[in-house]
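Each chain, letter by letter, is given below.
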Amino acid sequence: MARVVAVHGIGKQTLGEDTLRQQWLPALNDGLTRAERTERLSESEIAVAFYGDLFRPDGEFLAAGDPPYTAADVATGFEQDLLLAWWKAAAESDPAVVPPEADDTLVATPRSVQAALRALSGSRFFAGLALRAMVFDLKQVHHYLTDPDLRAKALARAADQIGDDTRVVVAHSLGSVIAYEAVCARPGHHVRALVTLGSPLGIENLILHRSSPRASRSARGPKACGPAGTSWRGRTSPTRGTSSPW
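This report concerns the structure included in the present document.

1. What to know about the overall build of the protein
Phase 1: Of the regular secondary structure elements, the protein holds six helices and seven strands.
Phase 2: Listed N to C, the secondary structure of the protein is β-α-β-α-α-α-α-β-α-β-β-β-β in terms of helices and strands.
Phase 3: A burial count over the protein gives 48% of its 246 residues as buried.
Phase 4: Considering only residue pairs separated by 6 or more positions, the protein has 73% of its internal contacts joining residues 24 or more positions apart.
Phase 5: Accessible surface for the protein amounts to roughly 12000 Å². Of this, 50% is attributable to carbon and sulfur atoms.

In structure tokens form, the structure reads like this:
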């Protein structure tokens, strides 16, 4: 089994394991170079837990890749709250994004949905991303947390890649939630580091309490499931806040 397992984030439904491995492998080796480490990962030492296809509409071919969502498709409740959390996180780290309070849209309303999507379209992370793709990303997070069947399938794909030889799991975005749950679902695993990038696990009222088991924190930082010595290291992108939902 692979020494390193990578779990991708949202918006990868048109890709696959091999494509993503070709993207992750050089990036991880570049990181080893920056850390002044001499060893390099080979292609056989990294596995990608791919779940993006679970979000593809059944029996439909969409040339552009995403369903034709509009702002009106952002559901009240969780999706509007998550969109507002995205907006706040982007504004905290990107000067080009007007913060929600400056737009007087702290309460989720149809107008605030439009304002949030407009503000995020000008952020460094979402720049160039079509509105319908942003809405689809929202729905992917929502579906994972509320659809038990989809969640079980995604978790199984991640857990199946974690073997006795796996020492590091690196996960991005929604993949960090899946990776955390997959590691916890494998008692006796040998993972020594769970590295999360742009993780939404720190969002208390939207994501954290919905994780299974519920993610917890100690005085020194987040706790990882596993034997003594297992560490959980979270990193945020320069374009995202500490509670980034993507």
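2. Brief notes about the nonpolar core
Phase 1: In this structure, Val7, Leu83, Tyr144, Val169 and Ile207 are the most contacted members of the largest nonpolar core, which totals 53 residues.
Phase 2: Those elements that place two or more of their residues in this core are β1 (4-7), α2 (78-93), α3 (110-121), α4 (131-146), α5 (148-161), β3 (168-172) and α6 (174-184).
Phase 3: Considering every element that reaches this core, the biggest residue donor is α2, with nine residues.
Phase 4: Not counting the four nearest positions on each side in its chain, Leu83 is found in contact with Val74, Val113, Ala116, Leu117, Leu120 and Leu138.
Phase 5: In terms of nonpolar packing, the next biggest core, distinct from the first, is built from eleven residues, Leu41, Ile46, Phe50 and Val195 among them.

Conventions used here
Residues numbered from 1 in each chain as written. Predicted model: local features only at pLDDT ≥ 70, side-chain atom pairs only at ≥ 80, totals over all residues. Heavy atoms only, no water. Helix = DSSP H or I, 4+ residues; strand = E, 2+ residues; numbered from the N terminus. Buried < 20%, exposed > 50% of the residue type's maximum accessible area, 1.4 Å probe, protein only. Contact = heavy atoms within 4.5 Å. Areas by Shrake-Rupley, 256 points an atom, 1.4 Å probe, with all protein chains shown as cover. Core = buried A, V, L, I, M, F, W, Y, C linked by side-chain atoms within 4.5 Å.

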